[in-house]
Amino acid sequence: MMRPGCVLVFCMCISVFLHCAISQPPTETDTYTECTDGYHWDPQTQHCKGILTKDINECETIPEACKGEMKCFNHYGGYLCLPRSASVIPAPEPPKPIHPSLENTASEPFNPCPPGFEPQGDSCVDVDECEQDSHDCQPSQQCFNTEGSFSCQCPDGYRKVGTECIDIDECRYRYCQHRCVNVPGSFSCQCEPGFQLAGNNRSCIDVDECGMGAPCSQRCYNTYGTFLCRCEQGYELGPDGFACNDIDECSYSSYLCQYQCVNEHGKFSCVCPEGYQLLGTRLCQDINECETGAHQCSDGQTCVNIHGGHKCVNNRSCQEPYVQVSDRCTCPITKPGCRDLPYSVVHRYMSITSERSVPSDIFQIQATSVLPGAYNTFHIRSGDDNGDFYIRQINNISAMLVLARAVNGPREYVLDLEMVSVNPLVSYHTRSVLRLTIYVGPHAF
């Protein structure tokens, strides 16, 4: 680089030339000229030169020179307290100057230019110390040529203190959204679990774990920084928070189903015993085989529906000395054997459930014909050996059969309900029987 300077004229005296050379404007350099106590600045070596013979290592001589989390670094004429994560690149020892008596001034040509310049023809040009490797920058530093001098700069992530490069703790400036990890000359940002670094390598954005194969066995809901697993109806979340386990609804209550509860995956169902069908989802209803035709009764039989099944009864059920007259059996008074027997017997059939609440009216008896002036009484003639029933007379022509005690099935009763008619004015006395067959079902429904 050419710079206007003094033109050498043969007739000019040396003193004028020197005055002209010294009058060059000074150039600023990026170097420190202030030294710590015990040292002074040596412009020739561009270093702090010790007045004392030996530097004192304060890090060893001063107890607890640095407090807290700070670390002590010794340097020429003092020491530094820096974070423990800091790195220091030490400067090489300054070259020892040659004793003045030993200097070989004869080998060095005379340079009429200011420091940092060299003559070129009639002008002084800048010396590129970086290119000529005549600088004293540390190996870790980068040399930049300046006009008349040079500067030593630290790599990115370091700052220059004296002649040393000290690591910059970028984490102090909170560059990272979550966590910062300082490393020599740089730093890195890390995110909390459930987040990932954004494109700027500093911010943290939420991770959609559900879209990345979260271990939820059924439903996955992404939330800020995490995710939640949820289960379908009929399942509950396991202890690990991921798996869904079937809920055994049947074990929680015995009232879910009228008959029997069957647990299934994610649900339950109710079943009914044979002879019943499901009413809705939980109740059981008796199947009337007589109406649906699902019976095996013959033409000479009558189908009687009962709880949980059916019965086939013969249409001709009269026994001697009774004869069949319409729907009843009668005993003619002309037959000697009929004198002590009821005049007529009518067969009826009914069915009741087990565990029926008591007392309970279950069957009403009604006289079909009544003679004028006759008094009628009703009672159980036979079939109630345990006293499970009783008769409550309503009026002169009707009475109610009452269940006195709760009974369980399957069970069958055959009760002869007798009506006695008496007319004392005409010496009239007759009896008729309603033979009632009661089937007790096996269940309470």
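What counts as what
- Residues numbered from 1 in each chain as written.
- Predicted model: local features only at pLDDT ≥ 70, side-chain atom pairs only at ≥ 80, totals over all residues.
- Heavy atoms only, no water.
- Pairing = 2+ DSSP bridges.
- Helix = DSSP H or I, 4+ residues; strand = E, 2+ residues; numbered from the N terminus.
- Axes fitted to C-alpha atoms, helices over the stretch in contact; angles between N-to-C directions.
- Polar contact = N/O pair within 3.5 Å; in protein donor to acceptor, adjacent residues only side chain to side chain.
- Buried < 20%, exposed > 50% of the residue type's maximum accessible area, 1.4 Å probe, protein only.
- Contact = heavy atoms within 4.5 Å.
- Disulfide = S-S within 2.5 Å.
- Core = buried A, V, L, I, M, F, W, Y, C linked by side-chain atoms within 4.5 Å.
- UniProt positions renumbered as here; feature names shortened; annotations may be inferred.
- Phe/Tyr/Trp six-rings, centres within 6.5 Å; stacked < 30°, edge-to-face > 60°.
- Lys NZ or Arg CZ within 6 Å of the ring centre and 35° of its normal.

Visitor: Looking at this structure, I do not really get the sheet that holds strand β32 (residues 389-393). What am I missing?
Guide: Neighbouring strands of a sheet are bound in pairs by backbone hydrogen bonds; such pairs are parallel or else antiparallel. Within the open sheet, the three strands sit side by side as β30-β33-β32. Their pairing is antiparallel. A single partner strand is all that each edge strand has here, and the edge strands are β30 (360-366) and β32. With direction set aside, neighbouring strand axes in the sheet form an average angle of 25°. Sheet topology note: the β30/strand β33 (residues 398-403) ladder contains six bridges and is antiparallel. Paired with Asp 361 across the strands is Val 402, a residue of β33.

Visitor: Is there a simple way to explain the side chain of Asn 423 in this structure?
Guide: Summarising the element assignment, Asn 423 is placed in strand β34 (residues 411-423). Of note is the side chain of Asn 423, whose polar atom sits 3.0 Å from the backbone oxygen of Pro 372.

Visitor: Just to check I follow, could you spell out the environment of Arg 202 for this structure?
Guide: Residue placement: Arg 202 occurs in the loop between β15 (195-197) and β16 (204-206). Given a relative accessible area of 35%, Arg 202 falls into the partly exposed group. Beyond its immediate stretch of four places on either side in the chain, Arg 202 contacts Tyr 175, Cys 176, Gln 177, Phe 187, Cys 189 and Leu 197.

Visitor: What am I meant to see in the environment of Phe 378 here?
Guide: You can see Phe 378 is positioned in strand β31 (residues 375-382). Overall, Phe 378 belongs to the buried group, its relative accessible area being 8%.

Visitor: Before we go on, may I ask you to explain the sheet that holds strand β28 (residues 328-330) in this structure?
Guide: Reading across from one edge, β27-β28-β29-β35-β34-β31 is the order of the six strands in this open sheet, with mixed pairing throughout. Two strands in the sheet have a free side with no partner beyond their single neighbour: β27 (323-325) and β31. Each strand axis lies, on average, 30° off the axis of its neighbour in the sheet, ignoring direction. Examined bridge by bridge, strand β29 (residues 344-352) and strand β35 (residues 428-440) share nine bridges and lie parallel to one another. By the bridge assignment for β35, Val 345 is matched with Val 433.

Visitor: For this particular structure, what's the right way to read the state of the cysteines?
Guide: Each disulfide consists of a covalent bond between the sulfur atoms of two cysteine residues. As enumerated under the stated definition, the model contains 19 disulfides in all. Here Cys 318 pairs with Cys 329 through a disulfide, and the sulfurs are 1.7 Å apart. In this structure the cystine formed by Cys 318 and Cys 329 twists about its S-S bond by roughly -90°; its chirality is therefore left-handed. One end of the pair, Cys 318, is in the loop between β26 (309-314) and β27; the other, Cys 329, is in strand β28, and eleven residues separate them in sequence. On the basis of relative accessibility, which here comes to 22%, the residue Cys 318 falls in the partly exposed class.

Visitor: What am I meant to see in the nonpolar core here?
Guide: Taken as a class, soluble globular proteins show a tendency for nonpolar side chains to be buried jointly. Ranked by internal contacts, the top residues of the largest apolar core, which has 20 residues, are Ile 362, Phe 363, Leu 401 and Ile 438. Of all the secondary-structure elements, those providing two or more residues to this core are β29, β30, β33, β34 and β35. Residues contacting Ile 362, with those up to four places away along its chain left out, are Met 350, Ile 352, Arg 356, Phe 389, Met 400, Leu 401, Leu 403 and Ile 438. Counting residues in each nonpolar core, the second largest holds six residues, with Tyr 322, Cys 329, Cys 331 and Val 345 among its members.

Visitor: How do you make sense of unusual backbone geometry when you look at a structure like this?
Guide: Comment: phi is negative for the bulk of residues other than glycine, and the bulk of peptide bonds are trans. A cis amide bond links Val 358 to the next residue, Pro 359, at an omega of -10°. Residues Gly 409 and Pro 410 are joined by a peptide bond in cis, for which omega reads 5°. Inspection of the secondary structure puts Pro 410 in the loop between β33 and β34. Unusually for a residue other than glycine, Glu 64 sits at a positive phi of about 50°. Here Glu 64 is to be found in the loop between α2 (58-61) and β4 (70-75). The class of Glu 64 is exposed, set by a relative accessible area of 61%. Notably, Arg 174 is not glycine yet its phi reads approximately 55°, a positive angle. Turning to its location among the elements, Arg 174 is positioned in the loop between β12 (164-167) and β13 (179-183).

Visitor: When you look at the pairing of strand β22 (residues 267-271) in this model, what are you seeing that I'm missing?
Guide: Looking along a regular strand, one sees side chains alternate from face to face of the sheet. Note: strand β21 (residues 260-264) against β22, five bridges, orientation antiparallel. Residue Gln 260 lies in a different strand from β22, and its bridge partner there is Val 271. In textbook terms, the turn of a hairpin is the stretch between consecutive antiparallel strands, and for β21 and β22 this stretch comprises two residues, one of which, Gly 266, has a positive phi near 80°.

Visitor: Whenever I open this one, the UniProt feature "domain: EGF-like" (unreviewed entry) in the protein confuses me. Can you help?
Guide: The UniProt feature table records "domain: EGF-like" (unreviewed entry) at residues 126-166, 167-205 and 246-285. Between the first and last C-alpha atoms of residues 167-205 the distance is 29 Å; the span itself is 0% helix and 41% strand. As annotated, residues 246-285 has a helix share of 0% and a strand share of 45%, and its two end C-alpha atoms lie 29 Å apart.

Visitor: Looking at this model, I keep getting lost on the packing of aromatic side chains. Mind explaining?
Guide: By convention here, two paired aromatic rings are described through the distance between centres and the angle between planes. Under the counting rule described, the total for this entry stands at seven aromatic pairs. Taking the centre distance of 6.2 Å and the plane angle of 70° together, the rings of Tyr 259 and Phe 445 count as edge-to-face. Remark: Phe 445 occurs in the segment after β35 and Tyr 259 occurs in the loop between β20 (244-246) and β21; sequence separation between them is 186 residues. For Phe 445, a relative accessible area of 14% corresponds to the buried category. Considering the side-chain rings of Tyr 276 and Phe 445, the 5.0 Å spacing of their centres and the 70° angle between planes classify their relative orientation as edge-to-face. With Tyr 276 in strand β23 (residues 276-279) and Phe 445 in the segment after β35, the pair connects residues that are 169 residues apart, well separated along the chain. For the pair Tyr 276 and Phe 445, a shared accessibility class is recorded, and that class is buried. Arg 202 extends its terminal NZ or CZ atom over the ring of Tyr 175, reaching a point 4.6 Å from the ring centre.

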